[in-house]
Amino acid sequence: MAHIICVANQKGGIGKSTTAQALTAGLLMKEHRTLLIDLDAQGNTTYTTRTNNTIYTSYELLTGKSTAIETIIKTEQGDFISSGNGLSKLDLELNTIGKEYKLKEALEPVKKNYDFIILDTPPALGILTVNALTASDSLIIPAQADIYSLQGIGQLIETVNVVRQYCNPDLIINGILLTRHNKRAILSQDMTEMIEDTADQLNTFVYKTMIREGIAVKEAQANRQDLFSYALKSNAAQDYLSFIDELLERLKGECNNG
Ligand SMILES: Nc1ncnc2c1ncn2[C@@H]1O[C@H](COP(=O)(O)OP(=O)(O)OP(=O)(O)O)[C@@H](O)[C@H]1O
Ligand SMILES: [Mg+2]
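The rules we used
Residues numbered from 1 in each chain as written. Chains lettered and ligands numbered in written order. Predicted model: local features only at pLDDT ≥ 70, side-chain atom pairs only at ≥ 80, totals over all residues. Heavy atoms only, no water. Helix = DSSP H or I, 4+ residues; strand = E, 2+ residues; numbered from the N terminus. Rg over C-alpha atoms; globule rule 2.2 N^0.38 Å. Areas by Shrake-Rupley, 256 points an atom, 1.4 Å probe, with all protein chains shown as cover. Near = heavy atom within 4 Å. Polar contact = N/O pair within 3.5 Å; in protein donor to acceptor, adjacent residues only side chain to side chain. 1 Å grid on protein atoms, 1.4 Å probe; cavity = no way out; pocket = protein on both sides within 12 Å on 5 of 7 lines; lining within 4 Å. Sits in = over half its atoms within 2 Å of the grid points. Nonpolar A, V, L, I, M, F, W, Y, C, P; charged D, E, K, R; others polar. Points joined across faces, edges and corners; volume = space filled by probe spheres on them. Contact = heavy atoms within 4.5 Å. Buried < 20%, exposed > 50% of the residue type's maximum accessible area, 1.4 Å probe, protein only. Pairing = 2+ DSSP bridges. Salt bridge = Lys/Arg side-chain N within 4 Å of Asp/Glu carboxyl O. Core = buried A, V, L, I, M, F, W, Y, C linked by side-chain atoms within 4.5 Å. Axes fitted to C-alpha atoms, helices over the stretch in contact; angles between N-to-C directions.

Draft legend 1. Seen up close, the overall build of the protein. Of the regular secondary structure elements, the protein holds twelve helices and seven strands. Rg of the C-alpha trace for the protein: 17 Å, near the compact-globule value of 18 Å for 258 residues, within the 12% margin. Based on the C-alpha atoms only, the size of the protein along its principal axes is roughly 50 × 40 × 35 Å. About 12300 Å² of surface is accessible on the protein, with carbon and sulfur atoms providing 50% of the total.

Structure representation (structure tokens):
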């Protein structure tokens, strides 16, 4: 059965899509069966993975107009569900009882076909992110090492707690991943303490690996290639691979414990 990972943080531009894409490509390189789902109306991941112009998208999936099997696009880069225009109005459109469970229910029939399902979410705490959190086993929070980025995680905690209380008590926060790290900016003592405090409040941890800022990331996305095919030796690609190793180690530990 697939392990479903939600990549979320309501703050914009902190590396959610980049992380979801690199995580999927890296897991595929390690021969895991993957499905990447773009739940953001902006469609950044859909653009980079060249999965636009499909008949069905995550919008049809969430509104019950298509099944997962019909919506999945199979490519050499793994399986995808693209983002659709309707997603931006979903908060208004989905207003029935059980609206939080649409994604979870839709994925049930295909969970057995994958080792990992990765969810790229929008920069908001609306119904899309709640659906993603409800469907997931783990949450990864990308964040930048700056005060505003860390303050935002507090709001995310509140949403996670509500989702745990009403929809998904088993959701595990599988770490904070520091992204877009500039190695010339040495982390101050204050900032290091604040990052650790934030992780403590969430009852989680910060990954040892920080993803360094590097031009290869933007170039790969503009070329619509995954980071590893585009620049395997780049700092960011190497960092994402060590992050994936850390994540897989953690997940193995959790399986053994539970
Ligand atoms: N390690 C990195 N090095 C250089 N640029 C990066 C890195 N990570 C992300 N970026 C760039 O930062 C921008 C924002 O990243 P990304 O789109 O992944 O963030 P996001 O959280 O998904 O944004 P949004 O909230 O808008 O969905 C993009 O232009 C991306 O190319
Ligand atoms: Mg994004």
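Draft legend 2. Structural view of the site of ligand 1. Of all residues adjacent to ligand 1, which total 19 residues, the nearest are Lys16, Ser17, Thr18, Gly214 and Gln221. A distance of 2.9 Å separates an oxygen atom of ligand 1 from a polar atom in the backbone of Gly13. In this structure, Ser17 approaches ligand 1 through a main-chain N or O atom, which is 2.8 Å from an oxygen atom. Protein chains bury 87% of the 630 Å² of accessible surface belonging to ligand 1 in isolation. Taking a 2 Å distance to the grid points as the criterion, the majority of the atoms of ligand 1 fall inside the largest pocket. For the shell around ligand 1, the elements supplying multiple residues, two or more each, are α1 (16–29) and α10 (215–222). Here the shell around ligand 1 is composed, by residue class, of four nonpolar, eight polar and seven charged.

Draft legend 3. View of the layout of surface pockets. Its volume calculated, the largest pocket comes out at about 490 Å³. Contributing to the lining of the largest pocket are 26 residues, with Gly13, Gly15, Thr18, Arg180 and Gln221 lying nearest its centre. Here the residues of the lining of the largest pocket sort into eight nonpolar, twelve polar and six charged.

Draft legend 4. Highlighting the side chain of Ser83. Relative to the helices and strands, Ser83 resides in the loop between β4 (78–81) and α5 (90–93). A distance of 2.9 Å separates a polar atom in the side chain of Ser83 from the backbone oxygen of Asp40. When sequence neighbours within four positions are dropped, the list of residues in contact with Ser83 reads Asp38, Asp40, Ala41, Gly43, Thr46, Thr57 and Ser58.

Draft legend 5. Quick peek at the pairing of strand β2 (residues 34–38). Among the five residues that make up β2, five are buried, leaving the element largely enclosed by the rest of the structure. What you see with β2 is no split at all: Thr34, Leu36 and Asp38 on one side and Leu35 and Ile37 on the other are buried throughout. Pairing of β2 with strand β5 (residues 116–120) involves five bridges; the strand directions are parallel. By the bridge assignment, Leu35 is partnered in β5 with Ile117. One ladder, built from three bridges, connects β2 with β4; its direction is parallel. If you follow Ile37 over to β4, its bridge partner there is Ile81.

Draft legend 6. The arrangement of the pattern of salt bridges in detail. All chains considered together, the criterion is met by nine salt bridges. A salt bridge links Asp245 to Lys30, with the nearest nitrogen and oxygen atoms 2.9 Å apart. Taken together, the residues Asp245 in helix α12 (residues 235–257) and Lys30 in the loop between α1 and β2 connect sequence positions 215 residues apart. Its relative accessible area of 39% is what places Asp245 among the partly exposed residues. With a shortest N-O distance of 3.8 Å, Lys99 and Glu100 are connected by a salt bridge. Linked through salt bridges whose partners overlap, the residues forming this network are Lys65, Lys89 and Glu93.

Draft legend 7. Quick look at the pairing of strand β7 (residues 172–178). In terms of residue burial, β7 counts as a mostly covered element, since six of its seven residues are buried. One ladder, built from five bridges, connects strand β6 (residues 138–143) with β7; its direction is parallel. When the sheet's bridge partners are listed, Leu139 is paired in β7 with Ile173.

Draft legend 8. A look at the side chain of Thr179. Mapped onto the elements of the fold, Thr179 is located in the loop between β7 and α9 (189–201). If near-sequence neighbours (up to four positions away) are discounted, Thr179 is found in contact with Ile14, Thr19, Pro142, Ala143, Gln144, Ile211 and Tyr240.

Draft legend 9. Layout of the nonpolar core. Counting 47 residues, the largest nonpolar core has Ile117, Leu119 and Leu139 as the members making the most contacts within it. Of all hydrophobic cores here, the second largest spans 31 residues; its members include Ala25, Leu27, Phe116 and Val217.

Draft legend 10. Inspection of the sheet that holds β5 at higher detail. The strand order β3-β4-β2-β5-β1-β6-β7 describes an open sheet built from seven strands, whose pairing is mixed. Each edge of the sheet is formed by a strand with only one pairing partner; in this case those strands are β3 (73–75) and β7. Strand after strand, the sheet turns through a mean of 20° between neighbouring axes, direction not considered. Relative to the sheet, α1 contacts β1 (3–7), β2, β4, β5, β6 and β7, its axis offset from that of β5 by approximately 165°. Against the sheet, helix α8 (residues 147–166) engages β6 and β7, with an angle of about 165° to β6.

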